[in-house]
Amino acid sequence: MTALTPPGLALGDHWFDDGLYTSVNEVAHRSPGWLDTTVSLWSTYGLLLLGALLLAAWWRARPADQDRAALALAAPLVVVAALVVSTGLKALLREQRPCQTLRTVTVEACPPVGDWSLPSNHAVLAAAIAVTLLFTDRRLAALAVPAAVAMAASRVWVGAHYPHDVVLGLLVGAAVAGALTAGARHAVAPVAERLHTTRLRPLVARR
């Protein structure tokens, strides 16, 4: 656990969920070390596992549905687009991290000043991945949706975000991914058909 004090930072900016953040922070502080370690590991590496689900969705779609395989190929671009939107919102909203504005003891070291908090990029990416999987592989989405919620919760647990940061992150990621994937679903058929007639055929169909 790393004790944090925000020297030189104003403490006048308060949010409606300060109390909830502080309560979660206190529970994390009193929890067994193995639990904090587990949550911290998920917070740090969980997106890699969610990304592996995207790869698995593409692999599973290839022998059955070339359009769905092409849509799965587009999923990383959708996720990147969600991250771009999130980064723009961060620069616009410029919310300081709670571990910088509240006197807390956090599981992880606080990000530096200027690494804005709202929305949570982790939550945005997790939600974007989960939503793209809803369009490409419902079975894997059944794993990804609760995993995305767990990712969002873990960011509050380790002290990096307010609850409203991760809630907005989930909403932004889901909205961007839902809109882009729904639009792409109607455009992938000709792309998949074109790929099917080229040397790139293995991308959308098993040989």
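Here's what I pulled together on the structure shown here.

Each value, and the rule that gives it
- Residues numbered from 1 in each chain as written.
- Predicted model: local features only at pLDDT ≥ 70, side-chain atom pairs only at ≥ 80, totals over all residues.
- Heavy atoms only, no water.
- Helix = DSSP H or I, 4+ residues; strand = E, 2+ residues; numbered from the N terminus.
- Buried < 20%, exposed > 50% of the residue type's maximum accessible area, 1.4 Å probe, protein only.
- Contact = heavy atoms within 4.5 Å.
- Expected span 1.5 Å × (residues − 1).
- Bend = angle between axes of the 7 residues up to and from the residue.
- Salt bridge = Lys/Arg side-chain N within 4 Å of Asp/Glu carboxyl O.
- Patch = residues over 30% accessible without salt bridge, like charges linked within 9 Å, V, L, I, M, F, W, Y side chains within 5 Å.
- Areas by Shrake-Rupley, 256 points an atom, 1.4 Å probe, with all protein chains shown as cover.
- Arc of directions from axis to C-beta.
- Phe/Tyr/Trp six-rings, centres within 6.5 Å; stacked < 30°, edge-to-face > 60°.

### Digging into the overall build of the chain
1) Next: When its secondary structure is counted, the chain shows eight helices and two strands.
2) Next: Walking the chain from its N terminus toward its C terminus, one meets helices and strands in the order β-α-α-α-α-β-α-α-α-α.
3) Next: In the chain, which comprises 207 residues, the proportion classed as buried is 46%.
4) Next: Look at the contacts in the chain between residues 6 or more apart in sequence, and 80% of them connect residues 24 or more apart.

### Comments concerning helix α2 (residues 33-61)
1) Next: Between its first and last C-alpha, α2 extends 41 Å over 29 residues, near the 42 Å set by a 1.5 Å rise per residue.
2) Next: Tyr45 marks where α2 bends most, by close to 55 degrees.
3) Next: Of all the residues in α2, the buried ones are Asp36, Val39, Ser40, Ser43, Gly46, Leu47, Leu50, Leu53, Leu54, Ala57, Trp58 and Ala61.

### Some words on the pattern of salt bridges
1) Next: Applying the stated criterion across every chain, the model contains two salt bridges.
2) Next: A salt bridge links Asp137 to Arg60, with the nearest nitrogen and oxygen atoms 2.6 Å apart. Here Asp137, found in the loop between α5 (121-136) and α6 (138-157), pairs with Arg60, found in helix α2; they are 77 residues apart in sequence, far enough to count as distant.
3) Next: Assessed through its relative accessible area of 4%, Asp137 is described here as buried.
4) Next: Among the residues examined, Arg60 registers a relative accessible area of 40% and is labelled partly exposed.
5) Next: The residue Asp115 makes a salt bridge to Arg97 at a minimum N-O spacing of 2.9 Å.

### Quick word on a nonpolar patch on the surface
1) Next: Taken together, the side chains of Leu41, Tyr45 and Leu48 present a nonpolar region at the surface, about 340 Å² in accessible area.
2) Next: Secondary-structure assignment places Leu48 in helix α2.
3) Next: On the basis of relative accessibility, which here comes to 60%, the residue Leu48 falls in the exposed class.

### Quick word on helix α1 (residues 18-30)
1) Next: Here α1 is 13 residues long and its end C-alpha atoms lie 18 Å apart, about the 18 Å a rise of 1.5 Å per residue gives.
2) Next: Among the residues of α1, those classed as buried are Asp18, Tyr21, Asn25 and Ala28. Each buried residue of α1 sits inside an arc of 90 degrees when the element is viewed along its axis, so together they form one side.
3) Next: Elements in contact with the buried residues of α1: α2, α4 (98-101), β2 (104-106), α6 and α7 (163-185).

### Examining the environment of Leu53
1) Next: Within the element layout of this structure, Leu53 appears in helix α2.
2) Next: Here Leu53 is in contact with Leu133, Leu140, Leu143 and Ala144, once residues within four sequence places are set aside.

### Examining the packing of aromatic side chains
1) Next: With the rule as written, the count across this model stands at two aromatic pairs.
2) Next: Relative to Tyr162, the ring of Tyr21 lies with its centre 5.8 Å away and its plane at 55 degrees, an arrangement referred to as tilted. Here the residue Tyr21 occupies a position in helix α1, and Tyr162 occupies one in the loop between α6 and α7, the gap between them amounting to 141 residues.
3) Next: Using a relative accessible area of 1% as the deciding quantity, one classes Tyr162 as buried.

Keep in mind these values describe shape, not function.
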